[in-house]
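Structural characterization, general
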Amino acid sequence: MKLSRAASRYAKAILSLAIDKKEADAVNEEMKSILVTLNGNKELRDFMSSPLIKSEQKRGALRQVFKDAGAITMGSFDLLVDNKRADVLMDVATKYILLFEDMNKREIATVTTAVEITAELEQKVLAKAKELAGKEITLEKNIDESILGGFILRVGDQEINASVANKLGQLKRTFATR
């Protein structure tokens, strides 16, 4: 995942402020909420990145959508909007979460399956992710029916692709070369 340098700088500054005010955990939860909301709402992403929308409208939309956010997060919205960088909000939230997890000696692992995984399988995946990372793991679960079956596990820059779609693709390439 390639994040902009600007997003990294904003995220570091927000984390530093949150640590100073002893609100890093709360801000982390708010950043997760921002990420989920923006991932699930293309219209809001487009609204934030549109140069045609006035800054005050963007600020108002963010304050309305995330009305329960704390002062640090609201200040972050203001800073991004004032600097005409509202388009990097999703990257800032992502980078903040990564920095927060790294600071707490945890890593985020993402498992993608075609269907909801059972608690037993989740424990096995968590153990494998811990083995790969050598750190405490926070597991994010995604469902993507296009992988047909199996799973894709991402831990840091490592990936284990045991999906049926991947295996079929390998078979197809094997037959195509013969």
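Residues numbered from 1 in each chain as written. Predicted model: local features only at pLDDT ≥ 70, side-chain atom pairs only at ≥ 80, totals over all residues. Heavy atoms only, no water.

Identification of the chain as ATP synthase subunit delta from Nonlabens mediterrranea is taken from an unreviewed UniProt entry.

1. Quick word on the environment of Leu 35
Our working rule: Per the convention used, a helix needs a DSSP run of H or I reaching at least four residues, while a strand needs a run of E reaching at least two, with both numbered from the N terminus. Contacts between residues were defined by any pair of non-hydrogen atoms, one from each residue, lying within 4.5 Å.
Examined against the element boundaries, Leu 35 turns out to sit in helix H2 (residues 24–39). Placed 18 residues apart in sequence, Leu 35 and Ile 53 show a C-alpha to C-alpha distance of 21 Å. Residues in contact with Leu 35, not counting those within four places in the same chain, are Met 90, Ala 93, Thr 94 and Ile 97.

2. Thoughts on the sheet that holds strand S2 (residues 136–143)
In plain terms, the rule: One requirement defines pairing of two strands: DSSP has to find at least two bridges between them. Each axis is a line fitted through C-alpha atoms, taken for helices only over the stretch in contact, and angles between the N-to-C directions span 0 to 180 degrees.
The 4 strands lie next to each other as S2-S1-S3-S4, forming an open sheet whose pairing is mixed. Looking at the sheet topology across the chains shown, the edges are occupied by S2 and strand S4 (158–161). Across the sheet, the mean angle from the axis of one strand to that of its neighbour is 15°, orientation sign disregarded. For strand S3 (residues 151–155) and S4, the ladder comprises 4 bridges, and the chain directions are antiparallel. Counterpart to Ile 152 in the pairing with S4 is Asn 161. Along the sheet, helix H7 (residues 119–133) makes contact with strand S1 (106–113), S2, S3 and S4, crossing S2 at roughly 130°.

3. Regarding the nonpolar core
The following threshold applies: To define a nonpolar core, start from buried Ala, Val, Leu, Ile, Met, Phe, Trp, Tyr and Cys residues and group those joined through side-chain atoms within 4.5 Å. Partly exposed residues are those whose accessible area sits between 20% and 50% of the maximum for their type, while under 20% is buried and over 50% is exposed, using a 1.4 Å probe and protein chains only.
The biggest cluster of nonpolar side chains holds 34 residues, and the ones touching the most others in it are Met 31, Ile 34, Val 92 and Tyr 96. Breaking this core down by element, the ones donating at least two residues are helix H1 (5–20), H2, helix H3 (42–49), helix H4 (55–65), helix H5 (71–82) and helix H6 (89–103). Dropping the residues within four chain positions of it, Met 31 is found in contact with Ile 14, Ala 93, Tyr 96 and Ile 97. If you look at the next biggest cluster of nonpolar residues, it comprises 9 residues, including Ile 117, Ala 129, Leu 139 and Leu 153.

4. Quick look at H7
The condition is simple: Working rule for helices: expected span equals 1.5 Å times residues minus one.
Across its 15 residues, H7 extends 21 Å between first and last C-alpha, which sits within 8% of the 21 Å expected from 1.5 Å per residue. Gly 134 sits one or two residues past H7 and shows a positive phi near 75°.

5. As for the pairing of S1
Here is the rule we go by: If the strands point away from the viewer and the path from the first strand over the helix to the second runs clockwise, then the crossover is right-handed.
Counting buried positions along S1 gives 7 out of 8 residues, so the element sits mostly inside the fold. Relative to S2, S1 runs parallel, the two being bridged by 8 bridges. Paired with Ala 109 across the two strands is Leu 139, which belongs to S2. Following the chain from S1 across H7 to the adjacent parallel S2, one finds a crossover that is right-handed. Both S1 and S3 contribute to a ladder of 5 bridges, which runs antiparallel.

6. Describing H5
Compared with the 16 Å implied by 1.5 Å per residue over 12 residues, the 16 Å span of H5 between its first and last C-alpha is a close match. By the burial criterion, the buried members of H5 are Ile 72, Thr 73, Met 74, Ser 76, Phe 77, Asp 78, Leu 80 and Val 81. On its buried face, H5 is in contact with H1, H2, H4 and H6. Within two residues after H5, Lys 84 carries a phi angle of roughly 60°, on the positive side.

7. Re empty space enclosed by the protein
Formally: Grid spacing is 1 Å over the protein atoms alone, the probe is 1.4 Å, and a cavity is where that probe fits but cannot get out, while a pocket is an open set with protein on both sides within 12 Å along at least five of seven lines and lining residues have an atom within 4 Å of a point. Grid points are joined across faces, edges and corners, and a volume is the space filled by probe spheres set on the points. Nonpolar residues are Ala, Val, Leu, Ile, Met, Phe, Trp, Tyr, Cys and Pro. Charged residues are Asp, Glu, Lys and Arg, and all others, Gly as well, are polar.
On inspection of all chains with the given rule, the structure shows 1 cavity of 30 Å³ or more. Considering only enclosed or pocket space, the largest cavity measures out at about 30 Å³ in volume. Lining the largest cavity are Val 111, Thr 113, Glu 116, Ile 117, Lys 141, Asn 142 and Ile 143. Grouping the amino acids of the lining of the largest cavity by side-chain chemistry returns 3 nonpolar, 2 polar and 2 charged.

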